[in-house]
Amino acid sequence: DREESFGIDESLKELAQLADTGGLMVVGSTYQKLPFPNPRTYIGSGKVSEIKSAIHALDVETVIFDDELSPGQLRNLEKAFGGDVRVCDRTALILDIFNQRAATHEAALQVALAQMEYQLPRLTRMWTHLERQAGGQVKGMGEKQIEVDKRILRTQIGILKKELESVRKHRKQYRNRRTSVPVPVVSLVGYTNAGKSTLLNRLTGANVLAEDRLFATLDPTTRRVQIKNRKEFLLTDTVGFIQKLPTMLVAAFRATLEEISESSLLVHVVDISHPLSEQQIEAVENVLSELDVSSIPKLMVWNKVDKAQDPQKIKLEAETREDVVCISALTGEGLEEFCDAVQHKVKDSMVWVEALVP
Ligand code: GDP
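Note that the coordinates shown come from a computational prediction; the quantities given were computed from them, not determined experimentally. (Residues numbered from 1 in each chain as written. Predicted model: local features only at pLDDT ≥ 70, side-chain atom pairs only at ≥ 80, totals over all residues. Heavy atoms only, no water.)

A. Broad picture of the site of the ligand. The full set close to the ligand counts 18 residues, and N193, K196, S197, T198 and D306 are the nearest of them. Between the ligand and N303 there is a distance of 3.1 Å, counted from an oxygen atom to a side-chain nitrogen or oxygen. In terms of residue class, the shell around the ligand is made up of five nonpolar, seven polar and six charged. (Near = heavy atom within 4 Å. Polar contact = N/O pair within 3.5 Å; in protein donor to acceptor, adjacent residues only side chain to side chain. Nonpolar A, V, L, I, M, F, W, Y, C, P; charged D, E, K, R; others polar.)

Below is the structure:
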């Protein structure tokens, strides 16, 4: 049912952006509609041959599938494509990116945990495969080995979870110290590529990675903003949303969002030039409604107005809406209004902020 609101083309486009973020160069994409996936190779045999030709013609090193593949499908596809072609799925790709971007200890632990949980069900086939290679002489050994490996992995998962808990506790203590200073904390939330880091950079001159990539900011990054004669506030960036976040990564993603529950204001940054901006807004709001943030004031920012088809129309519409400010983080348009709106909103929530102070 997800396909209805988020089409195959959009999904593949997002996958291509993810691959780019992961440091890969995308040379092509294809899809196939089947009544149900082929249990052995996910796609049909004709499609396998087609991709195989493309691999040779274009000198492809990696083939990424947009849906999760079973360990058997992975192996069969790698065998079918031959050579050193690496086959992976969306989850493995996102895990790779998380891994590359994990800047803090906590993020690294979260990624390691998700990676182990991804591996756990994938151990099985690997061992039965080895058993078959050995010509059945070691029958039963594989089974035992799987159990041993699974036990080791589960123990490691348990240790990681405990460590994660302790790291979180410490971060909370640190946060409490920070909020004891009566400076409002403003959190940027929003879809990936909406322009959060660009806005942060623009306002602070901070050296936060801003690029046309997904997950440019895995860890919340906080900077001080002091503009002209306005009151100072802290601005925090959060990890961006994506449409098809694999279920097993949801926990890690949410954990990175937990921090926003202590903000004075949530700024929802929207790429208003994006054709699916409305759906993206909805997706973000759905997740926000599940977090404990309903009491926090919100401000919506329609960013990239410079890139919109009809900027004038969008600006007029924004004016009719309460709590919406139109900006371009790129050209700097609307940033004064943005800061005024933040100021205004934060003033409303000042009592709440000071109530937090021990
Ligand atoms: P984030 O994932 O939300 O942090 O998004 P980024 O700040 O990394 O921005 C994603 C891409 O959008 C980058 O290529 C930015 O240069 C571009 N971008 C950000 N803000 C604007 C804007 O106001 N106008 C235009 N045209 N591009 C923008």
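Let's pick the thread back up.
B. Inspection of the layout of surface pockets at higher detail. A volume near 1,200 Å³ is recorded for the largest pocket. Those elements that place two or more of their residues in the lining of the largest pocket are α2 (8-21), α3 (45-58) and β1 (62-65). Taken together, the residues of the lining of the largest pocket sort by class into 24 nonpolar, six polar and nine charged. (1 Å grid on protein atoms, 1.4 Å probe; cavity = no way out; pocket = protein on both sides within 12 Å on 5 of 7 lines; lining within 4 Å. Points joined across faces, edges and corners; volume = space filled by probe spheres on them. Helix = DSSP H or I, 4+ residues; strand = E, 2+ residues; numbered from the N terminus.)

C. Region of the structure containing the nonpolar core. One finds F241, L249, L257, I260, L288, L291 and V293 to be the most contacted residues of the largest nonpolar core, which totals 31 residues. Of all the elements in the fold, those that place two or more residues in this core are α2, α5 (90-101), α6 (105-119), α10 (250-257) and α11 (277-290). Ranked by residues supplied to this core, first place goes to α5 with six residues. L203, F233, L265 and V301 belong to the second largest nonpolar core, which has 24 residues in total. (Core = buried A, V, L, I, M, F, W, Y, C linked by side-chain atoms within 4.5 Å. Buried < 20%, exposed > 50% of the residue type's maximum accessible area, 1.4 Å probe, protein only.)

D. Region of the structure containing a nonpolar patch on the surface. Together, M25, V27 and L58 make up a nonpolar patch on the protein surface, roughly 340 Å² of accessible area in all. Along the chain, M25 turns up in the loop between α2 and α3. (Patch = residues over 30% accessible without salt bridge, like charges linked within 9 Å, V, L, I, M, F, W, Y side chains within 5 Å. Areas by Shrake-Rupley, 256 points an atom, 1.4 Å probe, with all protein chains shown as cover. Salt bridge = Lys/Arg side-chain N within 4 Å of Asp/Glu carboxyl O.)

E. The arrangement of the packing of aromatic side chains in detail. The tally for this structure, following the rule as stated, stands at two aromatic pairs. Centre to centre, the rings of Y42 and F65 are 5.8 Å apart; their planes meet at 90°, and the pair counts as edge-to-face. One end of the pair, Y42, is in the loop between α2 and α3; the other, F65, is in strand β1, and 23 residues separate them in sequence. Relative accessible area serves as the criterion here: at 7%, F65 is assigned to the buried category. Plain terms: the ring middles of Y191 and F241 are 6.5 Å apart, the flat faces sit at 25° to each other, and that makes the pair stacked. Taken as a pair, Y191 in the loop between β3 (185-190) and α9 (196-204) and F241 in the loop between β5 (233-237) and α10 lie far apart in primary sequence, 50 residues in all. (Phe/Tyr/Trp six-rings, centres within 6.5 Å; stacked < 30°, edge-to-face > 60°.)

Geometric descriptors of this kind do not, in isolation, establish any biological role.
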